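Geometric and topological summary
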Amino acid sequence: MPDQSTGLMFVESLTVQNFRSIESETFELTPFSVLIGKNNAGKSNVMNALQLLLEGTSRDFSDRDFHVPGGNIVLQARLQNVEPYLCLSSDKHRSRIEEDLQQGNLLLQKIVTSGPTAGKLQVYDPAKESYGTKTGIDAALKQIVPEVIFIEAFQDPTAEAVGKASATLGKLLRQIVGGIQEHVSGELERAFDVANRLLNVVTVESDSGPVVTDERAEQVKEIERSIAANLAEVFEDTAVRIFIDLPGVPDLIANARMELRDGVKWTPPDRKGQGVQRVLYVALLRSLAEQIRTQQQGPVKR
């Protein structure tokens, strides 16, 4: 039965045949699933299979992807809670997708033949008891199937946990907090205007032309006078003006960082163990998914 506790569309099961290290296996999943296994056990292959099922084309496969050369790669998934997302599909195809729903579920399949050639995304037709591709329905399905966000395993978890803008952790955090900008930009811009007037000479355009105002803090003016006096000992006709550039709202968001506290002291993620770092990584991914879902459907119930 559909999982009504979350209201989210999710992959309930994934079947993979003849793909890389996987001969034939079905993975039963929940709205939040964790794959646990030793290095090189095939965890990444499971994630790659899901991504290739929903988004892959022939150019994404190679002969090395076949577990047994000469056979076909078969990827299948059961999507649960599909019905609330049908509004994302065009009117032309929505009813045709509805025909293929079974208790709110949708079964998808992709077959890759040697060459390799990937077939179009297929949907299971309960009336015919077989998979098929209706005209144009593959494009319609792409409007409703989940987007796969695949992030490779940490090569160096501690380096990733620093949260630099170039690191994956930093990119995730920046994307999550990016939504703050539209809510605080007005107040921050007013604050920046006050700070700019305290630090810089301001030129404002008016009907009668540019108007220059100097409302800078006295300490700034004093530093400027000191520099000008020293410079004038050699070049007496040369004036000096100091400008202090202020960051914009996007620059502030880009510098977002995190600290964690599991006792008394707040510390950055790179001071924590790799277990905490990895769970933090997953927590950020889940928060990002919830944020996207809230924007589309409303608040997540906890």
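Look a little higher up for the structure.
Below is a short write-up of the structure. (Residues numbered from 1 in each chain as written. Predicted model: local features only at pLDDT ≥ 70, side-chain atom pairs only at ≥ 80, totals over all residues. Heavy atoms only, no water.)

Leu75, Leu106, Leu108 and Leu141 are the most contacted members of the largest nonpolar core, which has 36 residues in total. Listed by contribution, the elements that provide at least two residues to this core are β1 (10–19), β2 (22–28), α1 (43–55), β3 (73–80), β4 (106–113) and α3 (137–142). The dominant element in this core, judged by the number of residues it contributes, is α1, at 6 residues. Not counting residues within four places of it along the chain, the set of residues in contact with Leu106 comprises Ala77, Arg78, Leu79, Val82, Ile97, Asp100, Leu101, Val123 and Leu141. (Core = buried A, V, L, I, M, F, W, Y, C linked by side-chain atoms within 4.5 Å. Buried < 20%, exposed > 50% of the residue type's maximum accessible area, 1.4 Å probe, protein only. Helix = DSSP H or I, 4+ residues; strand = E, 2+ residues; numbered from the N terminus. Contact = heavy atoms within 4.5 Å.)

What follows covers the packing of aromatic side chains. Ring pairs (aromatic) are described by centroid distance and by the angle formed between their planes. Taken as a whole and assessed by the stated rule, the structure comprises 1 aromatic pair. Residues Tyr124 and Tyr131 carry aromatic rings whose centres are separated by 5.2 Å and whose planes lie at 70° to one another, so their mutual orientation is edge-to-face. Classification of Tyr131 by relative accessible area gives partly exposed; the value is 24%. Between the NZ or CZ atom of Arg286 and the centre of the ring of Phe32, over which it lies, the distance is 4.0 Å. (Phe/Tyr/Trp six-rings, centres within 6.5 Å; stacked < 30°, edge-to-face > 60°. Lys NZ or Arg CZ within 6 Å of the ring centre and 35° of its normal.)

Oppositely charged side chains can form a pair if their charged atoms are brought close together. Scanning the entire structure with this criterion turns up 11 salt bridges. In this structure, Asp193 and Arg197 form a salt bridge, with 3.4 Å as the shortest nitrogen-oxygen distance. You can see Asp193 and its partner Arg197 sitting in helix α6 (residues 181–199), 4 residues apart, about one turn around the helix. In this structure Arg197 comes out as partly exposed when scored by relative accessible area, which is 22%. (Salt bridge = Lys/Arg side-chain N within 4 Å of Asp/Glu carboxyl O.)

To continue, consider the environment of Thr15. Mapped onto the elements, Thr15 comes out in strand β1. Taking the C-alpha atoms as reference, Thr15 lies 9.0 Å from Ala49; in sequence the two are 34 residues apart. Those residues in contact with Thr15, other than ones at most four positions away along the chain, are Glu25, Thr26, Val74, Leu75 and Gln76. Polar side-chain contacts of Thr15 include one of 2.9 Å to the side chain of Thr26. (Polar contact = N/O pair within 3.5 Å; in protein donor to acceptor, adjacent residues only side chain to side chain.)

A few words on the pairing of β4. Counting buried positions along β4 gives 6 out of 8 residues, so the element sits mostly inside the fold. Examined bridge by bridge, β3 and β4 share 7 bridges and lie antiparallel to one another. Looking across to β4, one finds that Arg78 is bridged to Leu107. Here β4 pairs with strand β6 (residues 122–125) via 2 bridges, running antiparallel. Looking at β6, one finds that Gln109 is bridged to Gln122. Pairing analysis gives 2 bridges linking β4 to strand β5 (residues 117–118), with the strands arranged antiparallel. Bridge pairing links Val112 to Ala118 in β5. Counting the residues that bridge the hairpin from β4 to β5 gives 3 residues, and of these Gly115 lies at a positive phi of roughly 145°. (Pairing = 2+ DSSP bridges.)

Turning to its location among the elements, Asp214 is positioned in the loop between β9 (209–213) and α7 (218–232). For the pair formed by Asp214 and Val202, sequence separation is 12 residues and the distance between their alpha carbons is 6.5 Å. Excluding residues within four positions of it along the chain, Asp214 makes contact with Val201 and Lys221. Here the side chain of Asp214 touches Arg216 through a polar contact of 2.9 Å, side chain to side chain.

Right, let's get into a nonpolar patch on the surface. On the surface, a nonpolar cluster with roughly 400 Å² of combined accessible area is contributed by Phe32, Val34, Ile36 and Val282. If you trace the backbone, Phe32 turns up in the loop between β2 and α1. (Patch = residues over 30% accessible without salt bridge, like charges linked within 9 Å, V, L, I, M, F, W, Y side chains within 5 Å. Areas by Shrake-Rupley, 256 points an atom, 1.4 Å probe, with all protein chains shown as cover.)

In regular strands, side chains alternate between the two faces of the sheet. The side-chain alternation of β6 yields two buried faces, one formed by Gln122 and Tyr124 and the other by Val123 and Asp125. In the sheet, β6 pairs with strand β7 (residues 130–132) via 3 bridges, with the strands oriented antiparallel. Looking at β7, one finds that Val123 is bridged to Gly132. Connecting the antiparallel pair β6 and β7 is a turn made up of 4 residues, with Glu129 showing a positive phi of about 55°.

All right, on to the side chain of Arg216 then. Tracing the chain through its elements places Arg216 in the loop between β9 and α7. Exposure remark for Arg216: the relative accessible area of 7% places this residue in the buried category. In this structure, Arg216 is in contact with Arg197, Leu198, Leu199, Asn200, Val201, Lys221, Glu224 and Ile242, ignoring residues within four places of it in sequence.

Within the secondary structure, Asp91 is located in helix α2 (residues 91–98). C-alpha of Asp91 to C-alpha of Arg190: the two residues are 99 residues apart in sequence and 45 Å apart in space. Of note is the side chain of Asp91, whose polar atom sits 2.9 Å from the side chain of Arg94.

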